[in-house]
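What the coordinates show
Below are the chains, spelled out letter by letter.
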Amino acid sequence: MKKENKELAKKKKAAQRKRAKAAKTIKTICWIAIPCLVVAAIVGLIVYGELRTKADYSAGLTEEGYIEGVTATEYVQLGDYNALSVKKNELISEQMVQEEIDEYLASKATLNESSTKVTASGDKVSIDFVGKVDGETFDNGTSTGYVVTIGEGTMIDDFEEQLIGHRVGDNFTVEVTFPENYEQNQKLSGKDAEFEVTLKGIYEAPELTDAYVEENLSEYASTAEEYRTYVEAQLYEENLLTFVQEQVVSSSKISELPQKYAKKLRHIYRVGYEMEYNYYNKLYYSYVGYYMWDNVYDYYGMTKDEFQEKLEAAVQDSAEFYLVMQAVFEQENMSISEEEVNAYILSSGYTESELEEAVEEFGMGYWRQNTMADKALRYLAEKVTVL
């Protein structure tokens, strides 16, 4: 029996991975001012009509993208960003590239019902099962084509461990004990159960070959080696931007944060976290007929105080970043054009025909601020000496 609906868990894990990846680079719509909201990104959910924003993402900003009423250089004493240096092997390595490629290929794994391999921890498999307690079946204890990744911990007790060491077509019994307080069905709490399981297939990732690249990745490369080079360049850029951001922000002295701006960021974050929680709770309900989490704190596995600490930390990081980037912009007398703003919007997942929609959803202030920050960060990256 499952702890949590597998499809939901899979989507939630995907969202978590994307949140982590978004933290590496500014070139994503979710960046700092908007928590990465559900599954792919807020853009995809808007495009497909699954979610509408409920916050003014340009609140506290001028139409030009500056923080309202703030001259950033009056709040920030910038560090010396002209003498930054970093070793190249700290930014990129063969291992980093291979891990990125492996993660991509794993996401493209397909079910092989003729696989000859023996299951191991980490394998994604498809199973049929019939569960019984005291010889009787029970609600939600039977499934066909159920997908589980061994070792993720989405099934009760050591159910997943007992899937190890089998081949496609094997029929076997899994014996487990339900938790003492099994919230999904209190009648099963503490009960021993047996599941008759059939291993239907194992998901197997494709190999990165020239043929695969030509068929699936021709937008980026024409051969496997070219794709590897493309991934290396992307990772290098992401890691360089992350390095610059961390160094420039940490070396700058900020006298105080503009409180009106911080207050508006706090509201934006709160709305974003609650939107994600509500989305997944409704998604879970659509699968199993009940809600998984009681509130947003429960969803994130935190107490109210812990959640508030997370929120405040996010607000501070975001406010400091944008304040410092605005200070760089002011100090260097930089400017941005309408073409640069549109290019940034397009890089965030919109199409030419959706530019007006993007501005309507987030406001021109939001897009101009992020374009400014992106340009400032890339300007600083050009000054780094890579050893």
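Residues numbered from 1 in each chain as written. Predicted model: local features only at pLDDT ≥ 70, side-chain atom pairs only at ≥ 80, totals over all residues. Heavy atoms only, no water.

**Notes on the overall build of the protein chain**
Defined as follows: A run of H or I in DSSP becomes a helix once it reaches four residues, and a run of E becomes a strand once it reaches two; helices and strands are each numbered from the N terminus. Classification of residues uses two cut-offs on accessible area relative to the type maximum, computed with a 1.4 Å probe and protein chains only: under 20% is buried, over 50% is exposed, and between them is partly exposed. Contacts were defined at the residue level, with two residues in contact if any of their heavy atoms lie within 4.5 Å.
The number of helices and strands found in the protein chain is twelve helices and nine strands. Out of the 387 residues in the protein chain, the part that is buried amounts to 47%. Restricting the contact set of the protein chain to residue pairs at least 6 apart, pairs at least 24 apart contribute 72%.

**Re the side chain of serine 126**
The topology assignment puts serine 126 in strand S4 (residues 124–133). Filtering out sequence-adjacent residues up to four positions away, serine 126 remains in contact with Leu111, Gly145, Tyr146, Thr198, Leu199, Lys200, Gly201 and Tyr203.

**A closer look at the confidence of the model for the protein chain**
Put simply, the test is: A residue's pLDDT is the confidence the predictor assigns to it, expressed on a 0 to 100 scale.
Here the protein chain averages 86 in pLDDT, and 86% of its residues register 70 or above. Here residues 1–53 is a poorly scored stretch, pLDDT under 50, and it has 167 contacts once near neighbours within four places are set aside; other chains count.

**Looking at a negative patch on the surface**
For clarity, the threshold we go by: Here, patches come from residues exposed beyond 30% relative accessible area and free of salt bridges, joined within 9 Å for like charges and within 5 Å for nonpolar side chains (Val, Leu, Ile, Met, Phe, Trp, Tyr). Note on areas: Shrake-Rupley with a 1.4 Å probe; residue coverage comes only from the protein chains shown. Salt bridges are defined as contacts in which a side-chain nitrogen from Lys or Arg sits within 4 Å of a carboxyl oxygen from Asp or Glu. Positive charges come from Lys and Arg, negative ones from Asp and Glu, while His and the chain ends are left out of the count. Throughout, a charge is located at the NZ atom of Lys, the CZ atom of Arg, the CG atom of Asp or the CD atom of Glu.
A contiguous patch of negative charge on the surface is contributed by Asp134, Glu136, Asp157, Asp158, Glu161, Glu175, Asp192, Glu194 and Glu196. In terms of residue count, the dominant contributor to the negative patch is strand S7 (residues 192–204) (three residues). Within the secondary structure, glutamate 196 sits in strand S7. With relative accessibility at 44%, the residue glutamate 196 sits in the partly exposed group.

**Some remarks on unusual backbone geometry**
Residue asparagine 140 is not a glycine yet carries a positive backbone phi of 65°. Secondary-structure assignment places asparagine 140 in strand S5 (residues 136–149).

**Here we look at the pairing of strand S6 (residues 171–177)**
Note the cut-off: Strands qualify as paired when DSSP identifies two bridges or more between them.
Here S6 shows a buried face lined by Phe172, Val174 and Val176 and an unburied face lined by Asn171, Thr173, Glu175 and Thr177. Across seven bridges, the pairing between S6 and S7 is antiparallel. What sits directly across from valine 174, in S7, is phenylalanine 195.

**Digging into the packing of aromatic side chains**
Pairs of aromatic rings are described using the distance from one ring centre to the other and the angle between the two planes. Let me state the cut-off plainly: Think of it this way: a Phe, Tyr or Trp ring, Trp meaning its six-membered ring, pairs with another when their centres are within 6.5 Å, and the plane angle makes it stacked under 30 degrees, edge-to-face over 60, tilted otherwise. A ring is scored as having a charge over it whenever the NZ atom of a lysine or the CZ atom of an arginine sits within 6 Å of its centre and within 35 degrees of its normal.
Taken as a whole and assessed by the stated rule, the structure comprises 29 aromatic pairs. Measuring from centroid to centroid gives 6.2 Å for tyrosine 277 and tyrosine 299, while their planes differ by 55°, and the two rings are tilted. Residue tyrosine 277 is found in helix H7 (residues 259–288), and its partner tyrosine 299 is found in helix H8 (residues 296–299); the two are separated by 22 residues along the sequence. With a relative accessible area of 12%, tyrosine 277 lands in the buried category. The ring of tyrosine 203 carries lysine 124 above its face, with NZ or CZ at 4.6 Å from the centroid.

**Some words on the environment of glutamate 100**
Considering the arrangement of structural elements, one finds glutamate 100 in helix H4 (residues 94–107). When the C-alpha atoms of glutamate 100 and leucine 235 are compared, they prove to be 8.5 Å apart, with 135 residues separating the residues in sequence.

**As for the pairing of S5**
Residues in a regular strand point their side chains to alternate faces of the sheet. As judged from the eight bridges shared by S4 and S5, these two strands associate in the antiparallel manner. Its bridge partner lying in S5, lysine 124 is registered against threonine 149. Joining the antiparallel neighbours S4 and S5 is a turn of two residues, in which aspartate 134 adopts a positive phi near 55°.

**Looking at the packing of helix H10 (residues 338–347) against helix H11 (residues 355–362)**
Spelled out, the test is: For every element, the axis is a line fit to its C-alpha atoms; helices are fit only across the contacting stretch, and the angle between N-to-C directions ranges from 0 to 180 degrees. Roughly parallel means an angle under 35 degrees; roughly antiparallel means over 145; roughly perpendicular covers 65 to 115; every other angle is labelled oblique. Gly is placed with the polar residues, together with every amino acid not listed as nonpolar (Ala, Val, Leu, Ile, Met, Phe, Trp, Tyr, Cys and Pro) or charged (Asp, Glu, Lys and Arg).
The interhelical angle for the contact between H10 and H11, taken along N-to-C directions, is 85°, at an axis separation of 10 Å. In terms of orientation, H10 and H11 fall into the roughly perpendicular class. Contacts from Asn342, Ile345 and Leu346 in H10 reach Leu355, Ala358 and Val359 in H11. A class-by-class count of the residues in the contact of H10 with H11 yields five nonpolar, one polar and no charged.

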